[in-house]
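Examination of the molecular architecture
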Amino acid sequence: MNSEQILSTFTSFYRERGHRPVTGSTLLPPPGDPVLFTTSGMHPLTPYLEGTRPHPLGGRLTNVQRCLRTTDLDEVGDGTHLTVFEMLGSWSLGDYSHSQSLRWGYELLTDGYGFDPGRLYVTVFGGDERLGPDTSSLRTWQELGVPVELTRDENWWSNGPTGPCGPDSEIFVWTGDGPPVSTPTGDERWVEIWNHVLMGYRRHEDGSLTPLPRPSVDTGMGLERLVPLLQGKRSVYDSDLFEPWMRLVPGVWGLSGEEPRRIVSDHLRSSIVVIGDGVLPSNTGRGYVLRRLVRRLLTVLWREDPSRTLGDLPRELVEHTRQHFRQEDGEVDVRGVLLDEERRFRGLLTRGRSVLSRPRFSGRSLTPEDFLYLHDTHGLPRELVEGLLDESLVS
Ligand code: SER
């Protein structure tokens, strides 16, 4: 199955079971939301999961939501972590039970996607000092014949320090070469692919829980984790999601290592999507996240060869990305934004190198006052100065 078929298998499965697709999957949360970017599929649905008002499309929903997480930025370059990714989600807003959600999840994974049931394992909330074990999920999985591991904190999902939360059940697939061994918490070759949360409580400032008037179910499955598993690939970069990137990037910029290739591809792909959703580089908020992504990838590109330029970014990569993320053509000049930021960054580096080579800075470490002066007088952010000093930026 290619990734588009994997996507449509998911949405068709839930549509056939009465779920309405939620449209509008932009990375930008609704006004008033304190978070910069949407970080999970359920995020835009938070008020409905709390049961404060009914969703206009009803109690059964499905969606493909693009998400951005900067918490994993340092892990980008391995086989699984991406900055922008997509979550396949299904929701029962006070409609069907958590147990029904697990049964459908099992059906889709085995009948729809063809996973061998013998390579599945699940985890279930085993109880803590506040609540007993999730016996309903335990029974459901036992009836389906799937082995269960009970945990505590790993199977409690919350949206943040306060807000909707509840016990969850996570589905793992065995990715080892031989037959499955151990349990999900005992062997990292068990890879989590899908989380089914029973959103049954609200957590308050003091940590106490009150039951929600109408429990809901929230599920989320990372597309970029699912696709390589179904395509028999070791990493997301070997799947069709990154096929044009891995084909074209080495030819354009000749990056020598696997990790730099992955970082450049992830950050560029993410930047294209962020720009496509209407963000411009700046020194604050969303724009700053974009600026960091672009500068980070330029740093990687220029480490080997400072003459490399985003002007060589192949059109096919921009188009492939915008098409995959279902962004309209031609609304935003993605290449223009990237090139502007490149020019600005190149200018800053030149200025930084020249200022730092002055006698007043030589042979000593910089003080907080120096950093302030460099920032206020020369527009050189501390992060950039430190990069120049430890030579992680082009010298
Ligand atoms: N909210 C859960 C998660 O993000 C399931 O969607 O994992």
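Coordinates for the structure precede this section.
Now for a look at the structure at hand. (Residues numbered from 1 in each chain as written. Predicted model: local features only at pLDDT ≥ 70, side-chain atom pairs only at ≥ 80, totals over all residues. Heavy atoms only, no water.)

**Focus on the nonpolar core**
Y113, W194, M221, W253, L268, L301 and L310 are the most contacted members of the largest nonpolar core, which totals 80 residues. Excluding anything up to four places from it in sequence, M221 contacts F10, E86, M87, L88, L109, Y113, I193, W194 and L226. Membership of the second largest hydrophobic core comes to ten residues, among which are V22, Y48, W91 and V197. (Core = buried A, V, L, I, M, F, W, Y, C linked by side-chain atoms within 4.5 Å. Buried < 20%, exposed > 50% of the residue type's maximum accessible area, 1.4 Å probe, protein only. Contact = heavy atoms within 4.5 Å.)

**Describing the site of the ligand**
Surrounding the ligand, one finds S40, M42, M87, W157, N195, V197, D218, T219 and G220. Contact distances for the ligand include 3.4 Å between an oxygen atom and a side-chain N or O atom of N195. Backbone polar atom of G220 to an oxygen atom of the ligand: 3.2 Å apart, as the coordinates give it. Against a free-state accessible area of 230 Å², the protein chains account for coverage of 92% of the ligand. Of all the secondary structure elements, the ones that give two or more residues to the shell around the ligand are β8 (190-203) and β9 (209-222). The element that contributes the greatest number of residues to the shell around the ligand is β9, accounting for three residues. Classifying every residue of the shell around the ligand by side-chain character gives four nonpolar, four polar and one charged. (Near = heavy atom within 4 Å. Polar contact = N/O pair within 3.5 Å; in protein donor to acceptor, adjacent residues only side chain to side chain. Areas by Shrake-Rupley, 256 points an atom, 1.4 Å probe, with all protein chains shown as cover. Helix = DSSP H or I, 4+ residues; strand = E, 2+ residues; numbered from the N terminus. Nonpolar A, V, L, I, M, F, W, Y, C, P; charged D, E, K, R; others polar.)

**Examining the pairing of strand β7 (residues 163-174)**
The side chains of a regular strand alternate, first on one face of the sheet and then on the other. Most of β7 sits out of view: twelve of its twelve residues are buried. Both strand β4 (residues 120-125) and β7 contribute to a ladder of five bridges, which runs antiparallel. Following the sheet pairing, Y121 is matched in β7 by F172. Direction of pairing for strand β6 (residues 156-158) relative to β7: antiparallel, over a ladder of three bridges. (Pairing = 2+ DSSP bridges.)

**With respect to the environment of L28**
On the secondary structure map, L28 appears in the loop between β1 (20-21) and α2 (46-49). In sequence terms L28 and P44 are 16 residues apart; their C-alpha atoms lie 9.5 Å from each other. If sequence neighbours within four positions are ignored, L28 has contacts with F37, T38, D277, V279 and R286.

**A look at the packing of aromatic side chains**
Across all of its chains, the model carries eleven aromatic pairs by this definition. Measuring from ring centre to ring centre gives 5.7 Å for W302 and F345, while their planes differ by 15°; the resulting arrangement is stacked. In this pair, W302 sits in helix α8 (residues 285-304) while F345 sits in helix α10 (residues 334-356), placing the two residues 43 residues apart along the sequence. On the basis of relative accessible area, W302 is assigned to the buried category, the value being 2%. Of the residues examined, F345 reaches a relative accessible area of 3% and is grouped as buried. Measuring from centroid to centroid gives 6.3 Å for F361 and Y373, while their planes differ by 35°, and the two rings are tilted. On the criterion of sequence distance, the pair formed by F361 in the loop between α10 and α11 (368-378) and Y373 in helix α11 is long-range, its members being twelve residues apart. A cation over a ring is seen here: R130 above W156, with NZ or CZ 5.2 Å from the ring centre. The ring centre of Y373 lies 4.1 Å from the NZ or CZ of R360, which sits over that ring. (Phe/Tyr/Trp six-rings, centres within 6.5 Å; stacked < 30°, edge-to-face > 60°. Lys NZ or Arg CZ within 6 Å of the ring centre and 35° of its normal.)

That's the geometry; what it means functionally is another story.
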